[in-house]
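Coordinate inspection notes
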Amino acid sequence: MLGLEAFTTAATRLLLGADSPALRDGRAFGVQGIAGTGSLRIAADFLATVVPNLTKVAYISRPGWDNHRLLFTRAGFTEIREYRYWHAAECALDIAGMLEDLGGAPERSAVIFHACAHNPTVSSVASAFSTSCSPEATER
């Protein structure tokens, strides 16, 4: 069971865009999970068992949740690294630190990324990335 088909189809279309080549070619689909942790477990298992040539290195945000480390370890990732997300002294996203940490990631690593409402900081990174990240910085 992959979830409510109407929901997963709409969510996938929203994420990838209605004109996505992956949707058109039947290479993308959505899966509905129970809350964030359940969904993250599905993603970790999928990445570890289905994606070819994955490095088994996963990156989690700092600060973050210890269960993220556990979920990816249990899925078979052998190395869990952290990337900077929050600059506590400035009460702001640490975009420079994040890009520095992820810029050195081995190719085909998994990155657990909260695009909005990051837990526990409740910050949103989408607008910051749209104004501060060049294509070169996000290529890995």
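On a predicted model such as this, the values are computed, not experimentally measured, just so you know. The numbering scheme is per chain: residues are counted from 1 as the chain's sequence reads. Per-residue local features of the predicted model are confined to residues with pLDDT of at least 70, and side-chain atom pairs are confined, for both listing and counting, to 80 or more; whole-chain, interface and lining totals are unaffected and use all residues. For the side-chain quantities, the full set of heavy atoms in the structure was used; hydrogens and water were omitted.

**Comments concerning the pairing of strand 2 (residues 79-84)**
As paired strands, strand 1 (residues 57-62) and strand 2 are joined by 6 bridges and run parallel to one another. Bridging across to strand 2, tyrosine 59 finds its partner in arginine 81. Note on pairing: two strands pair once DSSP finds at least 2 bridges between them. A helix here means a DSSP run of H or I that spans at least four residues, while a strand means a run of E at least two residues long, and both kinds are numbered starting from the N terminus.

**Considering the packing of helix 3 (residues 35-50) against helix 4 (residues 66-74)**
Note on method: axes are straight lines fitted to C-alpha atoms, helices fitted across the in-contact stretch only, with angles between N-to-C directions ranging 0 to 180 degrees. Two elements in contact, helix 3 and helix 4, have axes whose closest approach is 8 Å; the angle formed by their N-to-C orientations is 35°. The way helix 3 lies across helix 4 gives a crossing that is right-handed. Within the contact between the two elements, helix 3 uses Thr37, Leu40, Arg41, Ala44 and Leu47 and helix 4 uses Asn67, His68, Leu71, Phe72 and Arg74. Asp, Glu, Lys and Arg are counted as charged, while Ala, Val, Leu, Ile, Met, Phe, Trp, Tyr, Cys and Pro are counted as nonpolar; the rest, among them Gly, fall into the polar class. In terms of residue class, the contact of helix 3 with helix 4 is made up of 5 nonpolar, 3 polar and 2 charged. Here a crossing is called left-handed whenever its near helix is offset anticlockwise from the far helix by less than a right angle, and right-handed whenever the offset is clockwise. We call two residues contacting when some pair of their heavy atoms lies within 4.5 Å.

**Considering the pairing of strand 1**
Each residue is placed in one exposure class: buried if its accessible area under a 1.4 Å probe, protein chains only, is under 20% of its type's maximum, exposed if it is over 50%, and partly exposed if it falls in between. Among the 6 residues in strand 1, 5 count as buried, and that is most of the element. Every crossover in which the path from the first strand over the helix to the second runs clockwise, viewed with the strands pointing away from the viewer, is termed right-handed. At this point the chain moves from strand 1, through helix 4, to the parallel strand 2, and the crossover so formed is right-handed.

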